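Understanding the architecture of this molecule
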Amino acid sequence: MSAVLLLLLGLVSLLLLVLRRSSRTRRDGEPPLIKGWIPVVGKALEFGQNSFKFLLEHQKKHGDIFTVQIAGKYMTFILNPLLFPNIVKDGRHLDFHEFSYKVGSHAFGYPLMKPKEFPGLQEQVSRSFLLLQGDSLSPLTESMLGNLQLVLRQDFLGQRPGEECDWKSHSIYKFCNSVMFEATLLTMYGRPPAASRHSGMDVIMENFVKYDTKFPLLVAQIPLWLLGQTKAIREELTRVFLPQKMTRWSNASQFIRKRLEIFDQFDMLRDLDKAAHNFGILWASAANTVPATFWALYHLVTHPEVAEVVRQELLDVLSQSGVEFSSDRDVTLTREQLDKLVYLDSAVKESLRLSSASMNVRVAMDDFSLRLEGERSVAVRKGDVVTLFPQITHMDPEIYEEPETYRFDRFVQDGKEKKNFYKDGRKLKYYLMPFGSGSSKCPGRYFAVYEIKQFLCLVLLHLDLQLEEGQGGAALDPGRAGLGILWPSADVRFRYRLRAVPPGPTAQ
Ligand code: HEM
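Basis of the calculations
Residues numbered from 1 in each chain as written. Predicted model: local features only at pLDDT ≥ 70, side-chain atom pairs only at ≥ 80, totals over all residues. Helix = DSSP H or I, 4+ residues; strand = E, 2+ residues; numbered from the N terminus. Rg over C-alpha atoms; globule rule 2.2 N^0.38 Å. Buried ≥ 20, exposed ≤ 12 C-beta atoms within 10 Å, placed from the backbone. Contact = placed C-beta atoms within 7 Å. UniProt positions renumbered as here; feature names shortened; annotations may be inferred. Pairing = 2+ DSSP bridges. Near = placed C-beta within 6 Å. Nonpolar A, V, L, I, M, F, W, Y, C, P; charged D, E, K, R; others polar. Core = buried A, V, L, I, M, F, W, Y, C linked by C-beta atoms within 7 Å. Axes fitted to C-alpha atoms, helices over the stretch in contact; angles between N-to-C directions. Parallel < 35°, antiparallel > 145°, perpendicular 65-115°, else oblique. Left-handed = near helix turned anticlockwise from the far one by under 90°.

1. Structural notes on the overall build of the protein
Across its full length, the protein carries 20 helices and 19 strands. Here the C-alpha atoms of the protein give a radius of gyration of 24 Å, agreeing with the 23 Å that 2.2 N^0.38 yields for 508 residues. Overall size of the protein, expressed as C-alpha extent along the three principal axes, is 85 × 55 × 45 Å. When the 508 residues of the protein are sorted by exposure, 36% land in the buried category. Across the protein, contacts joining residues at least 24 apart in sequence account for 77% of those joining residues at least 6 apart.

Put into structure tokens, the structure is as follows:
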């Protein structure tokens, strides 16, 4: 048979397969089915443009559960948080890791962690995530605090109090990015020999942003060769983490050291593959933390009265612990002290609520009946993607009064964390989910929240902040919906100047 005929046959069978998949009809017991008029693509374009709006509109028409054809997949959305617990628990029929390993391998360029080729690798990698939690959090947060102060001091706190304290102007996102990104990198991977900071950080940050801009396309499995410079940029970023370089760095976190040990057990992993895994962790640890920090700071800058409450709470806690803050010495903020800052905690949670748009994705391993609650269940087909979309919950006016409004104390009740939120008169287990849920929940969530709080505390202790006039408010850019924290559609300018040492018992 000629090659042309073979190719034609291949194309015809592909077309038949495509049409078969597109011609799916709803079966008894299945949720309403929404298909687009373009075969395979389905509703991908509308969903991609603004998934929150798309889901809200379909929720109005079809209720809390429906299946949508999106780019060759059938995604069943569950939008009522009262139904989340059974889905989060169902590890027998619903799998997260196969999907995430595939995305990770495509996005970062390391080989798929197939158990046959890399026996035990997945399990060891999953276990290493424990080193971001529990007792390991203390050294991690201590190191982060030191690195935040190092970068802030050298780059932004140059002027000494008493000297002329002029206002300086900057963009909030750029400011958060330059401090958080570098401090995170130093904390996770350590510092180079005989220097406290890595050289070429500006280029690394610039490349990271370029790569990250393309990340939604990589998650959608768009081939790398279609994405212009992305391949070259990714390789440059990956090479930063080649093992022969990293072994010369000191003060790496326990988590990264453990991962290097794990990868060394696998001869089939090339140095570039190991570096790619490490670059993947840099993405996980910075890509959401930086925009989350932006929103937390943005709300404080735009609500000076809130910044004042949070600053005062911090000064009170420091003063109760006998800590004397002085702007020319590094301050110690322990986890215990940070845990006492209920207004800060609430302000961070509120900004996460308003900016987070992650999707919790699970793939059905077989045809099965998905139990929702009581006797209620829906039929799900093998290969379908069951998806929770917490942004709908975060913006539900029944759960959060005036959900569009920033209320810094929304998560405080009687001086403690408020945990009772209701829907249909029933208390919710899942009401705030910026970090995912169940087996796929972000292992860096505790660290992430501590580092954002540390950053805000340092900024509030050292700097006066002002929004520059003549700007509109920051809007959410829906382009990264599904991936985590949304970016602002444009950066926002602010002014900062060194604060005089606070008066009263905390002053030197
Ligand atoms: C505000 C900051 C952060 C947000 C909003 C965030 C959010 C998330 C989300 C939504 C997931 C996927 C969960 C799911 O699909 O159900 C995830 C996974 C992950 N995150 Fe985070 N994250 C943040 C910071 C961090 C930090 C600082 C680290 C590491 C130090 C980290 C490490 C990871 C890792 C390794 C995974 C993959 C886990 C797995 O494969 O099982 N994250 N994160």
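2. Here we look at the UniProt feature "binding site: heme" (unreviewed entry) in the protein
Summarizing the sequence annotation, UniProt attributes the feature "binding site: heme" (unreviewed entry) to Cys442 in the numbering used throughout. The class of Cys442 is partly exposed, set by 18 C-beta atoms lying within 10 Å. When neighbours within four sequence positions are excluded, Cys442 is seen to be in contact with Phe435 and Gly436.

3. Looking at the pairing of strand β2 (residues 65-70)
A large share of β2 lies buried, amounting to six of its six residues. Summarising the sheet, strand β1 (residues 33-34) and β2 pair through two bridges and their orientation is parallel. Of the residues in β2, the one forming a bridge with Leu33 is Thr67. Inspection of the sheet shows β2 paired to strand β3 (residues 73-78) by six bridges, in the antiparallel sense. Bridge pairing links Thr67 to Thr76 in β3. Hairpin geometry of β2 and β3 is characterised by an intervening segment of two residues between the two adjacent antiparallel strands and by a positive phi of about 45° at Ala71.

4. What about unusual backbone geometry?
Unusually for a residue other than glycine, Gln221 sits at a positive phi of about 65°. With respect to the helices, strands and loops of the structure, Gln221 is situated in the loop between α10 (215-219) and α11 (230-239). The class for Gln221 is exposed, based on 12 C-beta atoms found within 10 Å. In the Ramachandran plot, Asp424 falls in the positive-phi region, its phi being about 50° despite a non-glycine side chain. Relative to the helices and strands, Asp424 is located in the loop between β13 (422-423) and β14 (426-427).

5. Things to note about the site of the ligand
Lining the immediate environment of the ligand, one finds 23 residues, of which Asn288, Gly436, Ser440, Cys442 and Gly444 sit closest. Elements supplying a minimum of two residues to the shell around the ligand: α14 (271-286), α15 (289-302), α20 (445-462) and β17 (483-485). Considering only residue class, the shell around the ligand consists of 11 nonpolar, 11 polar and one charged.

6. Description of the environment of Met144
In this structure, Met144 sits in helix α7 (residues 137-156). Residue Met144 is classed as buried on the basis of its 23 C-beta neighbours within 10 Å. If near-sequence neighbours (up to four positions away) are discounted, Met144 is found in contact with Ala183, Thr187, Glu451 and Gln454.

7. Here we look at the sheet that holds strand β10 (residues 385-388)
Spatial strand order, β1-β2-β3-β10-β7-β4: six strands in an open sheet with mixed pairing. With one partner strand each, in any of the chains shown, β1 and β4 (94-95) form the two edges of the open sheet.

8. Looking at the nonpolar core
In terms of nonpolar packing, the biggest core is built from 83 residues, with Ile172, Cys176, Ala296, Leu297, Leu314 and Leu456 touching the most fellow members. Leaving out residues up to four positions away in the same chain, Leu314 has contacts with Leu341, Leu344, Cys457, Leu460 and Leu461. Counting 27 residues, the second largest nonpolar core, distinct from the first, contains Leu83, Phe84, Leu388 and Ile392.

9. Here's the deal with the packing of α7 against helix α8 (residues 172-189)
What describes two packed helices is the angle between their axes and the distance between those same axes. As a packed pair, α7 and α8 sit with axes 8 Å apart at the nearest point and diverge in direction by 135°. With respect to α8, the axis of α7 lies oblique. Considering how the two elements wind past one another, α7 and α8 form a crossing that is right-handed. Contact with α7, carried on its side by Leu140, Ser143, Met144, Asn147, Leu148, Val151, Leu152 and Asp155, involves Ser178, Val179, Glu182, Ala183, Leu186 and Thr187 of α8 and no other residues of that element. Considering only residue class, the contact of α7 with α8 consists of eight nonpolar, four polar and two charged.

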